[in-house]
Amino acid sequence: MIIPTQEKERIISIDVMRGFALLGIFVVNMLFFHGPYIYVNPYDWYQTPGDQESYKWIDIFVQGSVYPLFSMLFGYGLAMQFMKSEEKGTSFNRLAVRRLLILLGIGCIHAFLIWSGDILITYALAGLLLIVLMKLKPIWLFLISALLFLIPNGLLSGLLYFLVKAAPEEATLYTGIQEVENSIVAFSQGSWFDVSSQRITDWLYMQGYGLNIVLIICTILPLLMVGAAAAKLKLIERARELKLFWIITILITMAAGTAIKWLPFSKGDDLFTMTVQDTFGGPLQAIAYGGIIALICAIPIIGKILSPIGKAGRMSMTIYLMQSIIATTIFYSYGFGLYGQVDVATGTWMAVGIYVIQVIFAEIWFLKFKQGPVEALWRKLTYSKI
């Protein structure tokens, strides 16, 4: 039997990274919660100066930059469990498959009954693929992840670049007016059936009607592999020892990532700049964010100050699902029906406010319990004798 990570074994910087990523994910997801974000070109959809400025900073520093951090942490956590099982001489694969299949089930419930923008299904599927590669040495995990990521995404970016040059009118992202109208009607005033139907439509659209498996293999899986390789090298635990490495890495990835993330605003928004922005700029910024947190959490007093965020990170699945339940209740017709009535700045501050309440909730919860409620259920289902 494999046991989960105990409190005394926890690494505060990893929990803080998860907590930080949860805030960023919520800020970005809020764009989906209160409006038809998936069907619009955000660079010309937002008309007021306030919306434009708010979206600009979210797009450059948050959008596409926090989910890669969470993805790498997911791989990091799986690798830590793998190494623990090897030390104890217990089976990893059987338990890991069981955990990920249950996660897949939770993701399906989330996607089809709560909110279509679920990421748990993607993590579960990518995690199942990572298990096959888990015994590889760190250098091979890094090399294979680089090949999986750079070759297809590099080719796609190159094709989009030539498309922009040859036929710029074909390389523009257009707003789907009919899709926008359908979303607003369903989510703001539709019946439960209307909301559920639109939720499934949105999910299929975001999954590329099945093409998302390519995204998983070429984008998410490589990020998980990078996280697993980093875990085997203990790059986060050894942050103080590897301070020079992290400082150099942070400077390079933050500078390069931010420059790439700025492309749609400096060079114009088209399919090339928008694709490169998220595909390459986002993960680079994510590495920088992770490095910054690893370094500052190596300072004991900072780790204590950030411990409330770390507690939110400890119950990341609970926090993530709570965000969806709270936001859909606020914006969908079966709740307060505010869909389409909130601007970007207001939605962002709502996300921050709700997250602060969640941090307080996590702090109170851990005074009595050792795991978040969803995590406790997950443990009960997966860590029983098998």
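The shown structure was predicted, so the numbers you read here are calculated from the model rather than taken from an experiment.

Cut-offs and rules
Residues numbered from 1 in each chain as written. Predicted model: local features only at pLDDT ≥ 70, side-chain atom pairs only at ≥ 80, totals over all residues. Heavy atoms only, no water. Helix = DSSP H or I, 4+ residues; strand = E, 2+ residues; numbered from the N terminus. Rg over C-alpha atoms; globule rule 2.2 N^0.38 Å. Contact = heavy atoms within 4.5 Å. Areas by Shrake-Rupley, 256 points an atom, 1.4 Å probe, with all protein chains shown as cover. Lys, Arg positive; Asp, Glu negative; His and termini not counted. Charge placed at Lys NZ, Arg CZ, Asp CG, Glu CD. Axes fitted to C-alpha atoms, helices over the stretch in contact; angles between N-to-C directions. Parallel < 35°, antiparallel > 145°, perpendicular 65-115°, else oblique. Left-handed = near helix turned anticlockwise from the far one by under 90°. Nonpolar A, V, L, I, M, F, W, Y, C, P; charged D, E, K, R; others polar. Salt bridge = Lys/Arg side-chain N within 4 Å of Asp/Glu carboxyl O. Buried < 20%, exposed > 50% of the residue type's maximum accessible area, 1.4 Å probe, protein only. pLDDT = per-residue confidence, 0-100.

With that settled, the discussion passes to the overall build of the protein. When helices and strands are counted, the protein shows 18 helices and 0 strands. A compact globule built from 386 residues would reach a C-alpha radius of gyration of about 21 Å, and the protein, at 21 Å, matches this within 12%. The principal-axis extents of the C-alpha atoms in the protein amount to approximately 55 × 45 × 40 Å. Across the protein, contacts joining residues at least 24 apart in sequence account for 84% of those joining residues at least 6 apart. Only carbon and sulfur atoms are counted for the fraction: they give 70% of the accessible area of the protein, which is about 18100 Å². The averaged location of the 24 negative side-chain charges in the protein is 19 Å from the averaged location of its 28 positive side-chain charges.

Packed helices, taken two at a time, are described by their axes: the angle between them and the distance between them. Here helix 1 (residues 12–33) crosses helix 16 (residues 316–331) at 25°, and the two axes come no closer than 11 Å. By the angle between their directions, the pair helix 1 and helix 16 is classed as roughly parallel. In the packing of helix 1 onto helix 16, the handedness of the crossing is right-handed. Packed against helix 1, whose contacting residues are Arg 18, Leu 22, Ile 25, Phe 26, Asn 29, Met 30 and Phe 33, the element helix 16 presents Ser 316, Ile 319, Tyr 320, Gln 323, Ser 324, Ala 327, Thr 328 and Phe 331 at the interface. Its residues placed into classes, the contact of helix 1 with helix 16 shows 9 nonpolar, 5 polar and 1 charged.

With respect to the secondary-structure elements, Ser 183 resides in helix 8 (residues 177–189). Leaving out residues up to four positions away in the same chain, Ser 183 has contacts with Pro 36, Tyr 39, Ser 188, Gln 198, Asp 202 and Tyr 339.

Moving on: the pattern of salt bridges. According to the stated counting rule, one finds 3 salt bridges in the structure shown. Here Arg 238 ties to Glu 241 by a salt bridge, and the two come within 3.1 Å at their closest N and O atoms. Owing to a relative accessible area of 29%, Arg 238 belongs among the partly exposed residues under this scheme. Notably, a salt bridge pairs Lys 311 with Glu 363, separated by 3.8 Å at the nearest N-O pair. Of the two residues, Lys 311 is situated in helix 15 (residues 307–314) and Glu 363 in helix 17 (residues 344–365); the sequence distance between them amounts to 52 residues. Taking relative accessible area as the criterion, Glu 363 reaches 29% and is therefore assigned partly exposed.

On to the confidence of the model for the protein. Put simply, the protein has an average pLDDT of 93, and 96% of its residues get 70 or more. Segment residues 1–9: pLDDT under 50, and 18 contacts once partners within four positions in sequence are set aside and those in other chains are kept.

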